[in-house]
Amino acid sequence: QVQLVESGGGLVQSGGSLRLSCAASGNIFSISAMGWYRQSPGKQRELVARIITDGGSTNYADSVKGRFTISRDNAKSTLQMNDLKPEDTAVYYCNALVGPFSRNYWGQGTQVTVSS
C-alpha cells in the first residue's frame, strides 16, 4: 500500500510558474515509477511526466517538454512548471507504480488554473 498526497496547486497568470509536490508514504521501496497526470473537463486523463526509480530516466508529454521538470527525492516527487499556459489548466494527479505488477496508486488531485 502506498499513499500519495499532493500540494502546490493554485491560480497563476500565463507565463508564470508553479511547483507541485507529492509526498508518498507506506511501501515506498516498492515504487518503480512516479508521475504526474492531468485531467481537464471533458478530456481524458493524460500523462504529463514520469520518472523511473531505477536509473532516474524521465519522459514528458510533448506539450510540456522544455517547460516542466519532474524530479524525485526518495519519498517525494516534484513537478516544476514554468511558462504556464491557459491550456495547462487542469486537475493534476500524482501517480505511483508499485510492485511487480505495476499497480497504480493515485493522489487526490490538485487544481492548477492558468489565467490568460
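Relevant structure appears above.
The notes below deal with the structure included here. All figures in this text were calculated on a predicted structure; none of them were measured in a lab.

Attention now moves to the pairing of strand E4 (residues 31–39). Extensive coverage of E4 is indicated by the burial of seven of its nine residues. When E4 meets strand E9 (residues 90–98), the two strands line up antiparallel, connected through eight bridges. By the bridge assignment for E9, Arg38 is matched with Tyr92. Pairing between E4 and strand E5 (residues 46–52): six bridges, direction antiparallel.

A few words on the sheet that holds strand E1 (residues 2–7). Two modes of strand pairing occur in sheets, parallel and antiparallel, and in both the strands are linked by backbone hydrogen bonds. Read across the open sheet, the four strands follow the order E1-E3-E8-E7; overall the sheet is antiparallel. Edge positions in the sheet fall to E1 and strand E7 (68–73), since each of these pairs with one other strand and no more. Across the sheet, the mean angle separating the axes of adjacent strands is 15° when strand polarity is ignored. For E7 and strand E8 (residues 76–81), the ladder comprises six bridges, and the chain directions are antiparallel. Looking at the pairing, Ser71 lines up with Thr78 of E8.

Under the definition given, this model contains two aromatic pairs. Judged by centre distance (5.0 Å) and plane angle (70°), the rings of Tyr37 and Trp106 are edge-to-face. Of this pair, Tyr37 sits in strand E4 while Trp106 sits in strand E10 (residues 103–106); the two residues are 69 residues apart in sequence, bridging distant segments of the chain. Between the aromatic rings of Tyr93 and Trp106, the centroid separation amounts to 6.5 Å while the plane-to-plane angle is 90°, which identifies the pairing as edge-to-face. Residue Tyr93 is found in strand E9, and its partner Trp106 is found in strand E10; the two are separated by 13 residues along the sequence. By way of ring pairs, the aromatic residues Tyr37, Tyr93 and Trp106 are connected into one cluster. Between the NZ or CZ atom of Arg45 and the centre of the ring of Tyr93, over which it lies, the distance is 3.7 Å. Here Arg45 stacks its cationic end above the ring of Trp106, 4.6 Å away from the centre of that ring.

Rules used throughout
Residues numbered from 1 in each chain as written. Predicted model: local features only at pLDDT ≥ 70, side-chain atom pairs only at ≥ 80, totals over all residues. Heavy atoms only, no water. Buried < 20%, exposed > 50% of the residue type's maximum accessible area, 1.4 Å probe, protein only. Helix = DSSP H or I, 4+ residues; strand = E, 2+ residues; numbered from the N terminus. Pairing = 2+ DSSP bridges. Axes fitted to C-alpha atoms, helices over the stretch in contact; angles between N-to-C directions. Phe/Tyr/Trp six-rings, centres within 6.5 Å; stacked < 30°, edge-to-face > 60°. Lys NZ or Arg CZ within 6 Å of the ring centre and 35° of its normal.

None of this, on its own, says anything about what the molecule does.
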